[in-house]
Amino acid sequence: MRLLLIDNSNTRTKFTLSSADALGDWSAVIPTCDISESSLASTLASCDWDASLISSVVPAKAAVLEQFLAGKPCHSLSHRSRLPIGIDYPSPQQIGADRLANAAAAHVMFGSPAIVLDFGTAVTFDVLGLDDAQQPVYQGGVIAPGLASMTEGLARRTALLPHIELEEPTQAIGKSTEQAMLAGAVFGYRGLVREIIQQIQAELPGEANIIATGGDATLITRGLPEIHQHCPQLTLEGLRLIANLNL
């Protein structure tokens, strides 16, 4: 079966074609704010698929996607979907679809317990544990501002601080405003991530696999040996696995 997998996040919406067994080579990206019937028709004009799966954290754009894809089987990922993990969470409807996809992929690919970090507009930490029967369950997590959100917010709220391009700082003591901001952003953000990981680990009964994904993962994980795996395609792999269970 040819699958169209859609990761509709706050900033970008990624489209990937997949078989049941592996992600394909074709992919496309539309800025989420530009999602419309016409942009979808243009982007997907040369694609052919049998069924689609949508992971969305933007309800208004999810409705546009669902309407456009309604002519073929289409599943919208939620806590009600069939998953390869259980959910131990008081209000499962509050869990973002992308977080469920990440957790599902992390368990299948790397095992549980696990902590999944997704570096995007926000950075999310999702925790997979084991229940009394030693079955994997989604337990909850942490949400913090994303790296770009923090730096852009600083520039917007101050008169003299500029926008900066995120990259590895050459030193901690900045010799310009830009260098000082870059050191604060990257080194400080690694400190935030390290502290949250330590606090989560302290509440788990054993060592967890720690997996990173998302746009800023390459930069931030470079200085964090605590992170065991960097998997850029984790969310899409999760969507593929969940599509096989629901379509």
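Nothing here was measured: the structure is a model prediction, and the numbers come from that model.

The rules behind each value
Residues numbered from 1 in each chain as written. Predicted model: local features only at pLDDT ≥ 70, side-chain atom pairs only at ≥ 80, totals over all residues. Heavy atoms only, no water. Helix = DSSP H or I, 4+ residues; strand = E, 2+ residues; numbered from the N terminus. Contact = heavy atoms within 4.5 Å. Phe/Tyr/Trp six-rings, centres within 6.5 Å; stacked < 30°, edge-to-face > 60°. Buried < 20%, exposed > 50% of the residue type's maximum accessible area, 1.4 Å probe, protein only. Lys NZ or Arg CZ within 6 Å of the ring centre and 35° of its normal. UniProt positions renumbered as here; feature names shortened; annotations may be inferred. 1 Å grid on protein atoms, 1.4 Å probe; cavity = no way out; pocket = protein on both sides within 12 Å on 5 of 7 lines; lining within 4 Å.

Right, let's get into the environment of Leu204. Checked against the element boundaries, Leu204 lands in the loop between helix H5 (177–202) and strand E10 (209–214). Measuring from C-alpha to C-alpha, the distance between Leu204 and Val127 comes to 9.2 Å, with 77 residues separating the pair along the chain. Beyond its immediate chain neighbours, meaning those up to four positions away, Leu204 contacts Ile115, Val127 and Gln139.

The next subject is the packing of aromatic side chains. Summed over the entire model, instances satisfying the criterion amount to two aromatic pairs. A ring pair is formed by Tyr89 and Tyr138, whose centres lie 6.0 Å apart and whose planes are at 70 degrees; its orientation type is edge-to-face. On the criterion of sequence distance, the pair formed by Tyr89 in the loop between strand E6 (86–87) and helix H3 (97–110) and Tyr138 in strand E9 (residues 136–145) is long-range, its members being 49 residues apart. Taking the relative accessible area as the measure of exposure, Tyr138 reaches 1% and is therefore buried. Here the guanidinium or amino end of Lys72 rests over the ring plane of Trp49, the centre of that ring lying 4.6 Å away.

Take the UniProt feature "binding site: ATP" (unreviewed entry) in the protein next. Following the UniProt record, the feature "binding site: ATP" (unreviewed entry) maps to Asp7, Asn8, Ser9, Asn10, Thr11, Arg12, Thr13, Lys14 and Thr121 here. Lining residues of the largest pocket, restricted to the annotated ones just named, are Asp7, Ser9, Asn10, Thr11, Arg12, Thr13, Lys14 and Thr121. The contacts of Thr11, once residues within four sequence positions are left out, are Pro31, Thr32 and Thr121. Structurally, Lys14 is set in strand E2 (residues 12–18).

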